[in-house]
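# Observations on chain architecture
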Amino acid sequence: MTAFAAFGGMLFGYDTGTIAGVIQMGDWIRTFGEPDSSAPSGYSVSTSRESLVVSILSAGTFLGALSGAPSADILGRRISIMLACIVFCLGVSLQTGAGNLATFIVGRFFAGLGVGLVSTLIPMYQSECSPKWIRGAIVSCYQLAITVGLLLAAIINNATKDRPNHSAWQITISVQLIWAFILFVGMIWLPEARIPTPRWLIKKDRREAAVKSMSRLRSLPPDHPEVQREIEEIVAALNSERGMGQSSYVDCFRSTRNKIALRTATGIALQAWQQLTGVNFISYYGITFFTSAGIHNPFLINVATNIVNTGMTLPGIWAVDRFGRRALLLWGAVLMCVCEFLVAIIGVTISINNLAGQRALIGIVCIYVGTFAATWGPVAWVVTGEIFPLNVRAKGISLSAASNWLWNWALAFATPYLVNSGPGNAGLGVKVFFIWGSTCAGCIVFTYFCIPETKGLSLEQIDLLYQNSTPVTSTQYRRLLIAQDGTREDVEQVEEDKGGAAWEMRETRSDV
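Below you will find a few notes about this structure. (Residues numbered from 1 in each chain as written. Predicted model: local features only at pLDDT ≥ 70, side-chain atom pairs only at ≥ 80, totals over all residues. Heavy atoms only, no water.)

On to the overall build of the protein. Helix and strand counts for the protein come out as 22 helices and 4 strands. The globule rule puts the C-alpha radius of gyration for 512 residues at 24 Å, and the 23 Å found for the protein is close to it. For the protein, the spread of C-alpha atoms along the three principal axes comes to 85 × 50 × 35 Å. Scored against the burial criterion, the 512 residues of the protein give a buried share of 59%. Excluding contacts between residues fewer than 6 apart, the proportion of contacts in the protein whose partners are at least 24 apart in sequence is 75%. Working note: accessible area of the protein is about 19,400 Å², and carbon and sulfur atoms make up 64% of it. (Helix = DSSP H or I, 4+ residues; strand = E, 2+ residues; numbered from the N terminus. Rg over C-alpha atoms; globule rule 2.2 N^0.38 Å. Buried < 20%, exposed > 50% of the residue type's maximum accessible area, 1.4 Å probe, protein only. Contact = heavy atoms within 4.5 Å. Areas by Shrake-Rupley, 256 points an atom, 1.4 Å probe, with all protein chains shown as cover.)

Take a look at the structure:
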């Protein structure tokens with residue numbers, strides 16, 4: 001059930017990948033561009049127009065991500081996902097039938113609104129329904145669906161790019177309706193999908209329904225000790241949070257023993273750093289970049305990078321619950337940093353006629369994309385989906401997803417001005433990878449000091465982890481929790497020193 005919910009990532013990935021090819025198609029340029037006698041087709045798209053068309057999606061996703069929290073808490077996770085599909089279809093329909101640029105841009109905005117809702121709701125839904133021992137792999141399937149969407153977009157763009165009429169871009173855009181329809185129908189008809197998440201039911205004071213939901217999700221009888229234990233952990237965590245009063249967005253930034261402000265800052269910053277790795281430069285402007293670098297068949301190269309992106313997400317799904325979140329983020333940032341500086345250095349030292357240099361450039365870009373796909377791509381969504389306590393989970397995840405889309409918009413809007421040549425543009429070209437390499441160095445520092453290791457912990461045990469350890473010392477305390485399967489009543493902090501904290505586990509006296 002939770003793996004199927006990951007299909008929502010197709011909406012995200014395909015829509016992101018589509019625009020990279022659409023803005024390079026001849027008929028689209030003639031339809032929405034401006035007369036330009038110096039251009040081969042007689043038409044061109046200005047930097048400002050290209051920037052607006054690409055980035056307006058992210059403006060919609062930013063608002064959609066913020067809307068995900070109230071929608072999830074009021075309507076529930078599943079109904080909200082279905083609503084997102086309807087909004088998304090409206091946007092796709094407007095783009096497909098657009099006869100002028102204004103309609104196309106409005107369609108992009110509404111499609112973004114639907115994608116933003118999905119980007120908040122899917123990781124939340126998956127995290128709350130998944131068993132803790134495979135939660136990382138389940139949530140990573142969302143990133144896999146994103147990469148599959150990117151790959152399909154690249155393939156369909158390549159297949160339709162030479163059509164002489166509107167069907168060149170209308171086909172590739174309208175295919176998105178299929179993905180939304182599949183997700184919408186699946187959320188209606190899959191028996192398991194009709195079960196609200198246990199944590200949402202507990203929050204609504206529907207304990208009996210929550211027990212039934214947990215029983216179905218775990219395939220265990222309602223009176224099974226494991227089901228009862230998980231329900232008790234959820235109730236205890238929620239009661240503790242409710243003792244602080246009703247939650248609002250302001251509560252996400254309060255400094256409490258539960259370190260909610262730190263968690264919110266971590267989620268927001270993590271999603272920002274994911275965008276600052278520069279990977280969406282390849283997603284949005286990859287074809288434009290390969291063309292300007294003198295590489296032949298840029299559409300095919302775009303397909304190749306997306307094959308790497310999809311293929312390398314699979315070992316990432318396995319590794320997130322094998323090696324942990326913190327290690328993957330840390331070493332992934334190191335390797336991406338090296339690759340991006342190499343791309344920048346090679347790009348500025350070879351000519352566009354240097355075939356060997358171009359091949360090296362393509363190879364390093366593929367290594368970079370593959371590293372992102374196995375580390376920062378899925379793991380950022382896994383961490384975001386699991387670090388927030390129940391009382392502010394919907395709001396915290398929505399703020400994190402909104403951060404992702406805010407930076408996505410900023411980079412999509414600014415990149416043409418940074419890369420393109422001509423008046424009013426920076427003309428950096430391939431030198432923009434010096435910027436991405438520097439931001440990946442920032443990712444390394446951020447991960448070391450701010451990301452705790454949460455592999456194998458329940459969402460309620462993660463509360464204990466934050467209360468009694470720091471990100472740097474979290475690996476040691478995580479082992480303690482797993483060894484004794486600690487609960488909120490089993491653990492107390494006894495002292496702190498400069499290096500972190502020391503802990504002791506009280507004997508569980510259930511037999512007394």
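Unusually for a residue other than glycine, aspartate 205 sits at a positive phi of about 60°. One can find aspartate 205 in the loop between helix H10 (198-203) and helix H11 (207-218). Residue class for aspartate 205 comes out exposed when judged on its relative accessible area of 58%. Unusually for a residue other than glycine, lysine 259 sits at a positive phi of about 55°. Relative to the elements of secondary structure, lysine 259 occurs in the loop between helix H12 (225-242) and helix H13 (260-276).

Time to look at a nonpolar patch on the surface. Taken together, the side chains of Ile74, Leu75, Ile79, Leu83 and Ile86 present a nonpolar region at the surface, about 450 Å² in accessible area. Taken together, the elements giving at least two residues each to the nonpolar patch come down to helix H4 (47-75) and helix H5 (77-96). When residues in the nonpolar patch are grouped by element, the largest group, 3 residues, is from H5. As for its position among the elements, isoleucine 74 is in helix H4. For isoleucine 74, a relative accessible area of 65% puts it in the exposed group. (Patch = residues over 30% accessible without salt bridge, like charges linked within 9 Å, V, L, I, M, F, W, Y side chains within 5 Å. Salt bridge = Lys/Arg side-chain N within 4 Å of Asp/Glu carboxyl O.)

Further remarks concern the environment of threonine 349. Residue placement: threonine 349 occurs in helix H16 (residues 325-349). Here the side chain of threonine 349 touches isoleucine 345 through a polar contact of 2.8 Å, landing on its backbone oxygen. (Polar contact = N/O pair within 3.5 Å; in protein donor to acceptor, adjacent residues only side chain to side chain.)

Inspection of the entire model under this criterion finds 24 aromatic pairs. Both rings, one in phenylalanine 281 and one in tryptophan 436, keep their centres 6.4 Å apart while their planes meet at 45°; by these two values the pair is tilted. Separated by 155 residues along the polypeptide, phenylalanine 281 in helix H14 (residues 279-292) and tryptophan 436 in helix H20 (residues 432-450) bring together distant segments of the chain. Assessed through its relative accessible area of 5%, phenylalanine 281 is described here as buried. An angle of 50° between the planes, with centres 5.5 Å apart, marks the rings of phenylalanine 289 and phenylalanine 290 as tilted. Using a relative accessible area of 1% as the deciding quantity, one classes phenylalanine 290 as buried. An aromatic cluster is present here, built from Phe281, Phe289, Phe290, Phe433 and Trp436 joined pairwise through their rings. (Phe/Tyr/Trp six-rings, centres within 6.5 Å; stacked < 30°, edge-to-face > 60°.)

For the rest of this paragraph, the subject is the packing of H4 against H14. How two helices sit against one another is set out by the angle between their axes and by the gap between those axes. It is the contact of H4 with H14, at a shortest axis distance of 12 Å, that shows an interaxial angle of 160°. It follows that H4 is roughly antiparallel to H14 by the angle criterion. Between H4, through Glu50, Ser51, Val54, Leu57 and Ser58, and H14, the contact on the second element is made entirely by Tyr284, Tyr285 and Thr288. (Axes fitted to C-alpha atoms, helices over the stretch in contact; angles between N-to-C directions. Parallel < 35°, antiparallel > 145°, perpendicular 65-115°, else oblique.)

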